Structure formats: C-alpha cells, structure tokens
Amino acid sequence: MYELRKARERGHTLEGLAVALANIDDIIATIKTSSSPSEARERLLAKQWQAGGVLALLEKSGHKSVRPDEIDGEDLSHPFGLTGDQYRLSPAQVGAILELRLHRLTGLEQDKLLAE
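Everything quoted here is computed from the prediction, not taken from an experiment.

Definitions and limits used
- Residues numbered from 1 in each chain as written.
- Predicted model: local features only at pLDDT ≥ 70, side-chain atom pairs only at ≥ 80, totals over all residues.
- Heavy atoms only, no water.
- Pairing = 2+ DSSP bridges.
- Helix = DSSP H or I, 4+ residues; strand = E, 2+ residues; numbered from the N terminus.
- Axes fitted to C-alpha atoms, helices over the stretch in contact; angles between N-to-C directions.
- Salt bridge = Lys/Arg side-chain N within 4 Å of Asp/Glu carboxyl O.
- Buried < 20%, exposed > 50% of the residue type's maximum accessible area, 1.4 Å probe, protein only.

Q: Describe the sheet that holds strand β3 (residues 86–88), naming the residues involved and giving the relevant values.
A: Strand order in the open sheet formed by 3 strands is β1-β3-β2, and the pairing between neighbours is antiparallel. Either end of the sheet is taken by a strand with one partner, and the two such strands are β1 (48–50) and β2 (81–83). Neighbouring strand axes in the sheet, compared pairwise and without regard to direction, differ in orientation by 40° on average. Judged from the 3 bridges that link them, β2 and β3 form a sheet pairing that is antiparallel. When the sheet's bridge partners are listed, Gly81 is paired in β3 with Arg88.

Q: Which residues make up the pattern of salt bridges, and what are the values?
A: With the rule as written, the count across this model stands at 5 salt bridges. The partner of Glu39 in a salt bridge is Arg43, and the shortest N-O contact between them spans 3.8 Å. Pair noted here: Glu39 and Arg43 are both in helix α3 (residues 37–46), with a separation of 4 residues, about one helical turn. The exposure class of Glu39 is partly exposed, given its relative accessible area of 27%. When its relative accessible area of 32% is taken as the criterion, Arg43 is described as partly exposed. Close ionic contact of Lys112 with Glu109 constitutes a salt bridge, the shortest N to O distance being 3.4 Å. Of the two residues, Lys112 and Glu109 are both situated in helix α6 (residues 107–115); the distance of 3 residues between them amounts to about one turn of the helix. Take Lys112: its relative accessible area is 47%, and that puts it in the partly exposed class. When salt bridges that share partners are traced, they join Arg5, Lys6 and Glu9 into one network.

This is the structure we're talking about:
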C-alpha cells in the first residue's frame, strides 16, 4: 500500500510536469511576471492549462489511477485534473513546477520525464 501511494504521488507530479512542458512559455511568463513566489503559486493554481501530452499519458495509465489519496474520488466538481482538453494543476503539482530546475527543460530531460 505504501509503494502504491508513493507511485500515485509520483505519477501525479509527473502529470503536472507534463502539463508544464506543454505550456512552458506561459508557465515561465507567469512566474517571471509574478511579484513573489506565493503570487506565482496562486496564479499557476488559478489558471486552466492546455492538457497537451497529458491526454496520451492518461490513456496509458487510466484517468484517475495516478491521483493521490488526498484528491481521489469521483466528485466531478473537483477543481484539479483534466476537464475536456484543459487541466487544472493541484498545489502539489505547482510546487513541483516551482522547484523544477531549468536544466530539466532540455530535450533529453523532457524525454526522461515523459518516459517515467
């Protein structure tokens, strides 16, 4: 159960990073134009992003299979995750995006993230 929980948490993080890669220019612009890290966090959470490659990832893993327990459930009004072709990031995903080192944006590193 512990390993399953950890795998779901990692999958959820990777899902958010895939959304960030699909919207990287807008993500960087949002962060750069924010006056503080907390404002950047709020702005990243508030926006709906293009799902990009996440759609293919979710087809492989199942729509809710990587949701951590704390945001699991069938509540259709839940604000996080995929809605149509739009994706709303969770606080955990935004935290991972804000901690992302720029060297992870190289082509090889992007391929590694998506493969994981």
